[in-house]
Amino acid sequence: MNIRTFEKRDLQSMNRIWNESVQTGKVIYYYLTEAYFHTKFEKNPHYNPKYSLVAGVDDEIVGFINGIVKKIFLTNKTNENSPGDITCFFVHKDYRYRGIGRVLVDELCKLFKSAGKRSDVISNNNPVNFDWRVPGTYGHDHNNTPGVDMDSQGYEFLKAIDFEDSDRKIAMYLYLKNYIPWDKLKEQQAQLLSEDIFWKEKLSLHYLLARTTAPRASICAQAFA
Ligand SMILES: CC(C)(COP(=O)(O)OP(=O)(O)OC[C@H]1O[C@@H](n2cnc3c(N)ncnc32)[C@H](O)[C@@H]1OP(=O)(O)O)[C@@H](O)C(=O)NCCC(=O)NCCS
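Cut-off values and rules
- Residues numbered from 1 in each chain as written.
- Predicted model: local features only at pLDDT ≥ 70, side-chain atom pairs only at ≥ 80, totals over all residues.
- Helix = DSSP H or I, 4+ residues; strand = E, 2+ residues; numbered from the N terminus.
- Buried ≥ 20, exposed ≤ 12 C-beta atoms within 10 Å, placed from the backbone.
- Contact = placed C-beta atoms within 7 Å.
- pLDDT = per-residue confidence, 0-100.
- Near = placed C-beta within 6 Å.
- Nonpolar A, V, L, I, M, F, W, Y, C, P; charged D, E, K, R; others polar.
- Pairing = 2+ DSSP bridges.
- Right-handed = clockwise from strand over helix to strand, strands pointing away.
- Core = buried A, V, L, I, M, F, W, Y, C linked by C-beta atoms within 7 Å.

Participant: Which residues make up the overall build of the protein, and what values go with them?
Facilitator: A tally of regular secondary structure across the protein gives 6 helices and 10 strands. Counting the 225 residues in the protein, one finds 26% classified as buried. Within the protein, residue pairs in contact and separated by at least 24 positions form 70% of the contacts whose partners lie at least 6 positions apart.

Participant: Tell me about the environment of Arg-4, and name the residues and values.
Facilitator: Here Arg-4 is to be found in strand E1 (residues 2-5). Taking C-alpha positions, Arg-4 is 9.5 Å from Lys-50, a pair spaced 46 residues apart along the chain.

Participant: Can you break down the confidence of the model for the protein residue by residue, with the values?
Facilitator: Of all residues in the protein, 90% have pLDDT values of 70 or greater, and the mean over the chain is 87. Note that residues 202-213 has pLDDT below 50 and, in this model, 16 contacts with residues that lie over four places away or in other chains.

Participant: Outline the site of the ligand, listing residues and values.
Facilitator: Around the ligand sit 21 residues, and of these Arg-96, Gly-101, Gly-154, Glu-156 and Ala-160 come closest. When residues of the shell around the ligand are traced back to their parent elements, those giving at least two are strand E4 (84-91), helix H3 (100-114) and helix H4 (153-160). With 5 residues, H4 is the single largest residue contributor to the shell around the ligand. The class makeup of the residues in the shell around the ligand is 10 nonpolar, 6 polar and 5 charged.

Participant: For the pairing of strand E5 (residues 119-122), give the residues involved together with the corresponding values.
Facilitator: Alignment of E4 against E5, held across 2 bridges, turns out to be parallel. Across the sheet, the residue bridging to Asp-85 is Val-121, located in E5. Chirality of the crossover, the property in question, places the unit of E4, H3 and E5 among those that are right-handed.

Participant: So what about the environment of Leu-111? Which residues, and what values?
Facilitator: Tracing the chain through its elements places Leu-111 in helix H3. As for Leu-111 and Lys-50, which are separated by 61 residues in sequence, their C-alpha atoms are 8.6 Å apart. Here Leu-111 is in contact with Lys-50 and Tyr-51, once residues within four sequence places are set aside.

Participant: Which residues make up unusual backbone geometry, and what values do they have?
Facilitator: Phi at Tyr-97 takes a positive value of approximately 60°, unusual for a residue other than glycine. Within the fold, Tyr-97 resides in the loop between E4 and H3. With a phi close to 75°, Asp-162 is a non-glycine residue in the positive phi region. Along the chain, Asp-162 falls in the loop between H4 and strand E9 (164-170). The exposure class of Asp-162 is exposed, given the 12 C-beta atoms found within 10 Å.

Participant: Residues and numbers for the nonpolar core, please.
Facilitator: Phe-64, Ile-65, Phe-89, Leu-104 and Leu-108 are the most contacted members of the largest nonpolar core, which has 29 residues in total. Elements with a contribution of two residues or more to this core: strand E2 (52-57), strand E3 (60-68), E4, H3, E5 and strand E10 (215-223). The contacts of Leu-104, once residues within four sequence positions are left out, are Ile-3, Leu-53, Ala-55, Gly-63, Ile-65 and Phe-89.

Participant: If you had to explain the pairing of E3 to someone new, which residues and values would you point to?
Facilitator: With 8 of 9 residues buried, E3 lies mostly within the body of the structure. Where E2 lies against E3, 6 bridges are found, and the strand directions are antiparallel. Counted as the bridge partner of Ser-52 is Asn-66 from E3. Where E3 lies against E4, 6 bridges are found, and the strand directions are antiparallel. Paired with Gly-63 across the bridge in E4 is Val-91.

Participant: Explain the environment of Gly-147 to me, using residue names and the numbers behind them.
Facilitator: Within the fold, Gly-147 resides in the loop between strand E7 (141-142) and strand E8 (148-149). Gly-147 sits 20 residues away from Asp-167 along the chain, and the two C-alpha atoms are 9.2 Å apart.

Written out as structure tokens, the structure is:
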């Protein structure tokens, strides 16, 4: 097996591996097309192809991984105190359980370390915000992957290679007909205001909905040795 930096000519192989996982329900992402790749990766100001790797066996691409080293930071955030973001990783179904996924993550982590990172994470703070279908719905969307789907192979894989849950995200989805206002909403709003925290009705609603459904995704993180 060899690992090298992703090149545009690998896109077709990448599409095939990605889309097989979507089709078989291994991931809840959209299908990958050239246009989607362009929108989500190439147009993203943080994207740098240096942090996209492919694994090859006998001239065939059998796996890939993408990571992001952010270029723009929020207040108090720097390159050094922000983790390297793992966006996604896939291994061809016929090549799984041979250590390829682990090598891809290890190689990306080496690049993260040389970029000054002390840890890596797969989370909702990744600027490459994939859409995903909310499971158990008729194709309803969520416009940002909230971490790793806890029902996915990816989650079990990350646990096996020593990532830890640092946070659990609750799926924010509810039929509006089942909406019940949270009885502590007014109290919570007053509390936030007293701390000079401004909210919008929408935010409060998200918070409210978040309390009504079960944990669905995990933020998996790992500190570098
Ligand atoms: C997740 C995925 C990339 C793992 O790739 P892989 O090449 O099979 O993983 P490896 O062979 O390197 O496995 C490394 C370790 O994880 C374990 N592992 C891998 N997949 C696992 C799974 N589904 N359940 C439990 N453990 C798993 C392996 O047993 C191995 O453990 P070990 O070193 O103790 O023996 C692959 O299953 C895949 O592409 N799945 C579909 C796409 C996906 O879910 N992507 C994540 C979201 S972007």
